[in-house]
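Residue strings, one per chain:
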Amino acid sequence: MTDPLCCAPTRGETSSVCPVCGTTGKPVKLITLKALLTPGALATLAPERAYRFCPDAGCDVVYFAGGHTYAQADVKVRVYQKDRSTDVPVCYCFGHTRAGLELARLDGHAEAITQSIQGHIKAGRCGCEVNNPQGSCCLGTVKGLVTRLRDAARAGAGAAL
Ligand SMILES: [Zn+2]
């Protein structure tokens with residue numbers, strides 16, 4: 001007699017590729033979805049599945065596990081990677097937005113912001129897994145944006161928000 005559970009999908013077996021855009025997504029912890037899904041979306045969460053974050057700017061899918069997806073409307077916060085608004089957070093824990101970072105760059109204080117975030121991380125205050133929809137530390141994203149803003153200003157191309 002065969003065990004009916006032998007072939008059931010288990011965590012980690014689902015595709016790492018977004019079913020809508022084909023971009024590879026990074027795994028996110030369940031606690032991130034539990035913290036950030038709207039009540040209606042959370043009611044359909046399948047905790048046994050391994051969810052991933054789709055980082056593609058043009059794709060509406062935020063989380064997927066196989067063919068099961070959650071779109072931007074299913075997430076309580078706006079997603080930096082998918083929403084080009086200047087008031088969207090880059091750092092969700094400490095509230096730094098695209099516009100805030102551009103202002104800091106104009107004042108020459110952008111490095112101070114990345115240093116303050118690093119200080120908070122070191123002090124154990126970072127809560128990216130429950131605040132940031134990508135479920136992982138924002139520091140790389142913040143540094144990347146600061147570099148792009150600086151390069152754009154040097155090139156005279158205006159804001160590259
Ligand atoms: Zn996608």
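These notes cover the structure that comes with them. All values reported here derive from a predicted model rather than from experimental measurement.

### Considering the packing of helix H3 (residues 98-106) against helix H6 (residues 139-154)
Okay, so step 1: Where H3 contacts H6, the axes come no closer than 10 Å and their chain directions differ by 50 degrees. Classified by the angle between their axes, H3 and H6 sit oblique to one another. The two elements H3 and H6 cross, and the hand of that crossing is right-handed. Of the residues in H6, those in contact with Arg98, Leu101, Glu102 and Arg105 of H3 are Val142, Leu145, Val146, Leu149, Arg150 and Ala153.
Okay, so step 2: Looking at side-chain class alone, the contact of H3 with H6 contains six nonpolar, no polar and four charged residues.

### Section: the coordination of the zinc ion
Where a metal carries four tetrahedral donors, each ideal angle is 109.5 degrees; where it carries six octahedral donors, the ideal angles are 90 or 180 degrees.
Okay, so step 1: For the zinc ion, the full set of protein donor atoms is Cys18 (SG), Cys21 (SG), Cys54 (SG) and Cys59 (SG), and the range of their distances to it is 2.3 to 2.4 Å.
Okay, so step 2: Classification of the site at the zinc ion as tetrahedral follows from its four donor atoms and the range of 96 to 119 degrees in their angles at the metal.
Okay, so step 3: Within one chain, the residues serving as donors to the zinc ion are arranged as C-x2-C-x32-C-x4-C. Linking cysteine 21 in the segment before strand S1 (26-27) with cysteine 54 in the loop between strand S2 (52-53) and strand S3 (61-65), this pair joins segments that are 33 residues apart in sequence.
Okay, so step 4: Since its relative accessible area comes to 0%, cysteine 54 is described here as buried.

### Considerations on the pairing of S3
Looking along a regular strand, one sees side chains alternate from face to face of the sheet.
Okay, so step 1: Counting buried residues along S3, five of its five residues qualify, which places the element largely inside the surrounding structure.
Okay, so step 2: Bridge analysis of S2 against S3 gives two bridges, and the strand direction is antiparallel. Looking at the pairing, phenylalanine 53 lines up with tyrosine 63 of S3.
Okay, so step 3: As defined by bridge partners, S3 adjoins strand S4 (residues 68-71) across four bridges and the pair is classed as antiparallel. Looking at S4, one finds that alanine 65 is bridged to histidine 68.
Okay, so step 4: The hairpin turn running from S3 into S4, its antiparallel successor, is two residues long, and glycine 66 in that turn takes a positive phi close to 65 degrees.

### Digging into the sheet that holds S3
Picture the strands of a sheet paired through backbone hydrogen bonds; they go either parallel or antiparallel.
Okay, so step 1: The strand order across the open sheet built from four strands is S1-S2-S3-S4, with neighbouring strands paired in antiparallel fashion. Here the strands that pair on one side only, and so sit at the sheet edges, are S1 and S4.

### Focus on the nonpolar core
Okay, so step 1: Membership of the largest hydrophobic core comes to 18 residues, with the highest contact counts inside it found for Leu101, Ile117 and Val142.
Okay, so step 2: Contributions of two or more residues to this core are made by strand S5 (89-91), H3, helix H4 (110-122) and H6.
Okay, so step 3: Looking at this core, the element that brings in the most residues is H6, giving five residues.
Okay, so step 4: Counting residues in each nonpolar core, the second largest holds 16 residues, with Leu45, Tyr63, Ala65 and Val79 among its members.

Conventions we followed
Residues numbered from 1 in each chain as written. Predicted model: local features only at pLDDT ≥ 70, side-chain atom pairs only at ≥ 80, totals over all residues. Heavy atoms only, no water. Axes fitted to C-alpha atoms, helices over the stretch in contact; angles between N-to-C directions. Helix = DSSP H or I, 4+ residues; strand = E, 2+ residues; numbered from the N terminus. Parallel < 35°, antiparallel > 145°, perpendicular 65-115°, else oblique. Left-handed = near helix turned anticlockwise from the far one by under 90°. Contact = heavy atoms within 4.5 Å. Nonpolar A, V, L, I, M, F, W, Y, C, P; charged D, E, K, R; others polar. Donors = N, O, S within 2.8 Å, 3.2 Å for Na, K, Ca; no water. Tetrahedral: all angles 85-135°; square planar, octahedral: opposite > 155°, others 65-115°. Buried < 20%, exposed > 50% of the residue type's maximum accessible area, 1.4 Å probe, protein only. Pairing = 2+ DSSP bridges. Core = buried A, V, L, I, M, F, W, Y, C linked by side-chain atoms within 4.5 Å.

Read these as layout, nothing more, since geometry by itself doesn't imply function.
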